[in-house]
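Coordinates in review
Okay, here's what each chain looks like letter by letter:
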Amino acid sequence: MKQKAMEIKLKVRPIVGCLIHSHFWEGPCRAGHAEEMTPEAEKAAADKAFKDATELLKGATDKIDFLPAIDARYYETFVVDKETYAKIEEDMDEVDFFLCMNWRIPKLERYRKPVVILQNGNEGIDFAAYCRSLGIEAYVCMDLKDLNEIAHALWVRKAVANTRALVLTAGQQPTFGLQSLIRDPEILRQRYGFEVVKLPFLSIVPYMDKITDEEAKPIMDKFLKNSSDTQIKPEFLINDVKYYLAARKMMDDYDCNAFSTACHELCTSEVPQNRKFTPCLCHSIMKDDGIPSGCEEDLNALMAMVIMQYTANRPAFMGNPNYEQDELARIHHAVPALQMNGYGTKELDYKLWAFTGQGFGAKLQIDFAQNDQDEVTLGRFNPAGDTMVVKTGEVIKSEFVDVYCSPFYYIKMDDARKWMHNLAGFGHHQVLIFGDYMQALKNVAEVMYFNILEG
């Protein structure tokens, strides 16, 4: 399988600029105490600035791999020497952005690389405005908090651009179950670097045939062991696990790290009926593995899921929205994940029920009262792929039904009626993550150049 996008790192070149002088003088841009303005004193100050800057970076987000820092000091001619630029140019193709610290770096704009300036005064603001006037991406950080927020948004952008989704499709445009989807995946590749590989939805069947019981049994046994209430037979559950393993094998073959499949068309083929499985558990397991996995080849929801999972570092739920009251909405599907509180956290308790009345098709039933945060964030892209509707709320109740899509989550929110009307421009499936990520998604939208409509 293609490397998980969440494992991608930013490659960043720190450059510590420092203006020093060849001798002592004072004037309209230079004044102070003579003993602090000698070449020796300024060189010592530059040494300290470089040491302090590199020490500060130890507190930066782990989404960054720093290349060796460059000490870019220069004299009053404002010219950086060729030897320093030769060091800056090393591994240039790997650099996602320059991190400029302390003072500006004259003529750095020649490389037309994104620039993040960590400097809490006029220098940084001026340098950023200059870069932007030349069409060069530039951001200003007042402190390490700013740096980590900006770097995280840029990391999400890189992770999205390194996401390649296997989408199993019946080829209908639009699909029967979802007419509001993004019909041309080329939109997503051109705008965001997000790639889609479309294959016939039945092409997974030969892969399923090659998965043995021995391969599937360890995963099946784990789910059976940890379930607090199991209402599906092992001989059916193992088929859901085989579907998941077949999807992973296909993703290996086609170098993909995200997944979706047709649902209505798969259902009407009666292949799930004959083989006694549904794709629901596959989606849940994928998301816990750090792999975005969406229902019904819904690219609008999958694109939102990719961004929201990467932004929040946690799996997402997705489902159908329904209006209940002016301050209450409901969302339901059969695809919650176990690490909804975040990757690396304790798995949520669950029941293992069957999707169908015949008893096949595993689905996890998870009570969202277990979430660490009361707030949730919902999102979806529009059919044009340029705007995301985002809404925050609070899950107040979970309900389960014995057959079909379940759980049901009831969400308290401001003006659910208006939100539902807004969805008429976006479509129905909503992606849900624990926590209020409205501002974080706005940060991502700014660097990825899409719009956000607050629901």
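Bear in mind that the values here come from a model prediction, so they are computed numbers and not experimental data.

Procedures and definitions
Residues numbered from 1 in each chain as written. Predicted model: local features only at pLDDT ≥ 70, side-chain atom pairs only at ≥ 80, totals over all residues. Heavy atoms only, no water. Helix = DSSP H or I, 4+ residues; strand = E, 2+ residues; numbered from the N terminus. Buried < 20%, exposed > 50% of the residue type's maximum accessible area, 1.4 Å probe, protein only. Contact = heavy atoms within 4.5 Å. Areas by Shrake-Rupley, 256 points an atom, 1.4 Å probe, with all protein chains shown as cover. Polar contact = N/O pair within 3.5 Å; in protein donor to acceptor, adjacent residues only side chain to side chain. Pairing = 2+ DSSP bridges. Expected span 1.5 Å × (residues − 1). Phe/Tyr/Trp six-rings, centres within 6.5 Å; stacked < 30°, edge-to-face > 60°. Lys NZ or Arg CZ within 6 Å of the ring centre and 35° of its normal. Axes fitted to C-alpha atoms, helices over the stretch in contact; angles between N-to-C directions. Left-handed = near helix turned anticlockwise from the far one by under 90°. Nonpolar A, V, L, I, M, F, W, Y, C, P; charged D, E, K, R; others polar.

Regarding its fold elements, the protein presents 14 helices and 19 strands. Principal-axis analysis of the C-alpha atoms gives the protein an extent of 90 × 50 × 40 Å. Considering the protein as a whole, with its 455 residues, one finds that 55% of them fall into the buried category. By sequence separation, contacts in the protein at least 24 residues apart represent 72% of the contacts at least 6 residues apart. Taken as a whole, the protein presents about 19,500 Å² of accessible surface, with 50% of it coming from carbon and sulfur.

Quick look at the side chain of threonine 356 now. Inspection of the secondary structure assignment puts threonine 356 in the loop between strand S13 (351-354) and strand S14 (362-365). A polar atom in the side chain of threonine 356 sits 2.8 Å from the backbone oxygen of phenylalanine 360.

A word on unusual backbone geometry. In this structure, proline 174 follows glutamine 173 across a cis peptide bond, with omega equal to -5 degrees. Looking at the secondary structure, you find proline 174 in the loop between strand S7 (164-169) and helix H5 (186-192). Although it is not a glycine, phenylalanine 78 sits at a positive phi angle of roughly 60 degrees. Topologically, phenylalanine 78 is positioned in the loop between strand S3 (70-74) and helix H2 (82-88). Positioned with a positive phi, arginine 112 is a non-glycine residue whose angle comes to about 55 degrees. Under the relative-accessibility criterion, arginine 112 is labelled exposed at 52%.

We now examine the pairing of strand S9 (residues 258-261). Along S9, one buried face is formed by Ala258 and Ser260 and the opposite face, lined by Phe259 and Thr261, is buried too. Both S7 and S9 contribute to a ladder of four bridges, which runs parallel. Paired with leucine 166 across the two strands is phenylalanine 259, which belongs to S9. Where S9 lies against strand S10 (residues 293-295), three bridges are found, and the strand directions are parallel. Bridging from a neighbouring strand, threonine 261 pairs with cysteine 295 of S10.

The subject of this paragraph is helix H8 (residues 234-253). Between the first and last C-alpha of H8 there are 29 Å, a value that for 20 residues agrees with the 28 Å anticipated at 1.5 Å per step. Burial runs high along H8: 15 of the 20 residues are buried.

Further remarks concern the packing of aromatic side chains. When we look at a pair of aromatic rings, we describe it by the centre distance and by the angle of the planes. Per the stated rule, a full pass over the model turns up 16 aromatic pairs. On the basis of an interplanar angle of 70 degrees and a centroid distance of 6.1 Å, the ring pair of tryptophan 353 and phenylalanine 400 is categorised as edge-to-face. Here phenylalanine 400 lies in the loop between strand S16 (387-399) and strand S17 (408-412) and tryptophan 353 lies in strand S13, a separation of 47 residues in the sequence. On the accessibility criterion, tryptophan 353 (11% relative accessible area) is buried. Measuring from ring centre to ring centre gives 4.8 Å for phenylalanine 368 and phenylalanine 434, while their planes differ by 80 degrees; the resulting arrangement is edge-to-face. On the criterion of sequence distance, the pair formed by phenylalanine 368 in the loop between S14 and strand S15 (375-381) and phenylalanine 434 in strand S18 (residues 430-434) is long-range, its members being 66 residues apart. For phenylalanine 368, a relative accessible area of 1% puts it in the buried group. Ring pairs connect the aromatic residues Phe317, Phe368, Tyr409 and Phe434, which therefore count as one cluster. Over the ring of tyrosine 85 we find arginine 110; its NZ or CZ atom is 4.1 Å from the centre of that ring. The ring of tyrosine 410 is capped by lysine 397, whose NZ or CZ atom sits 4.5 Å from the centre of that ring.

Moving on to the packing of helix H12 (residues 299-312) against helix H14 (residues 438-448). Where H12 meets H14, the closest approach of the two axes is 10 Å, and the angle between their N-to-C directions is 115 degrees. As H12 runs across H14, the sense of the crossing is right-handed. In contact with Met303, Ile307, Met308 and Thr311 of H12, H14 contributes Ala440, Leu441, Val444 and Met448. Across the contact of H12 with H14, the residue classes tally to seven nonpolar, one polar and no charged.

Looking at the secondary structure, you find proline 28 in the loop between strand S1 (10-19) and helix H1 (39-56). Under the relative-accessibility criterion, proline 28 is labelled exposed at 95%. For the pair proline 28 and isoleucine 307, spaced 279 residues apart in sequence, the C-alpha to C-alpha distance is 50 Å.

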